[in-house]
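If you want the building blocks of each chain, they are given just below.
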Amino acid sequence: VPVPEDASVGTVVALLSVSDRDSGENGRVRCWVWPASPFGLEATFAGSYSLVLREALDRERVSEYEVEVRAEDGGAPALRASRGLRVPVSDVNDN
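Just so it is clear, the model here is predicted, and its values are computed rather than measured.

Draft legend 1. The arrangement of the overall build of the protein chain in detail. Counting its regular elements, the protein chain contains zero helices and seven strands. For the C-alpha atoms alone, the extent of the protein chain along its principal axes is close to 55 × 20 × 20 Å. Counting every position in the protein chain, which comprises 95 residues, the buried fraction comes to 31%. A sequence separation of at least 24 residues applies to 61% of the contacts in the protein chain between residues at least 6 apart. On the protein chain, roughly 6400 Å² of surface is accessible, and the fraction owed to carbon and sulfur atoms is 48%. Charge separation in the protein chain, taken as the distance between the mean sites of 10 positive and 16 negative side-chain charges, equals 7 Å.

Draft legend 2. Examining the side chain of D73 more closely. Here D73 is to be found in strand β6 (residues 64-73). For D73, which is buried and forms no salt bridge, the nearest opposite charge comes from R80, at a distance of 7.8 Å. A distance of 3.1 Å separates a polar side-chain atom of D73 from the backbone nitrogen of G75. For D73, the side chain forms a polar contact with the main-chain nitrogen of L79, separated by 2.8 Å. Residues contacting D73, with those up to four places away along its chain left out, are D20, D22, N26, R28, V29, A78 and L79.

Draft legend 3. Spatial organisation of the sheet that holds strand β3 (residues 29-34). What the four strands build is an open sheet, ordered β1-β7-β6-β3; its pairing is mixed. Taken across any chain shown, the strands that pair with only one partner, and hence form the sheet edges, are β1 (3-4) and β3. Bridge count for β3 against β6 is six bridges, and the pairing is antiparallel. Counted as the bridge partner of R30 is E72 from β6.

The rules behind each value
Residues numbered from 1 in each chain as written. Predicted model: local features only at pLDDT ≥ 70, side-chain atom pairs only at ≥ 80, totals over all residues. Heavy atoms only, no water. Helix = DSSP H or I, 4+ residues; strand = E, 2+ residues; numbered from the N terminus. Buried < 20%, exposed > 50% of the residue type's maximum accessible area, 1.4 Å probe, protein only. Contact = heavy atoms within 4.5 Å. Areas by Shrake-Rupley, 256 points an atom, 1.4 Å probe, with all protein chains shown as cover. Lys, Arg positive; Asp, Glu negative; His and termini not counted. Charge placed at Lys NZ, Arg CZ, Asp CG, Glu CD. Salt bridge = Lys/Arg side-chain N within 4 Å of Asp/Glu carboxyl O. Polar contact = N/O pair within 3.5 Å; in protein donor to acceptor, adjacent residues only side chain to side chain. Pairing = 2+ DSSP bridges.

This is the structure in structure tokens:
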């Protein structure tokens, strides 16, 4: 679903779930968004995250974002995974 370019900062764009079956430090998962974009992650509860809008969008500048969510566990060596998301921006102010 496209995100309107006038969406408020803090708007939830997607819900994500991340899990690791290990216990202790090996089971701790760290997640982040790559590359830098107007989106960020907020932990909602254990293993669940919201992809949220962190800054204003401008469809005339960028009409679609390719966002990658990366996850890494606390093991040594760390196990990593990623998932790509396409976030289209819808135009709301064209005449």
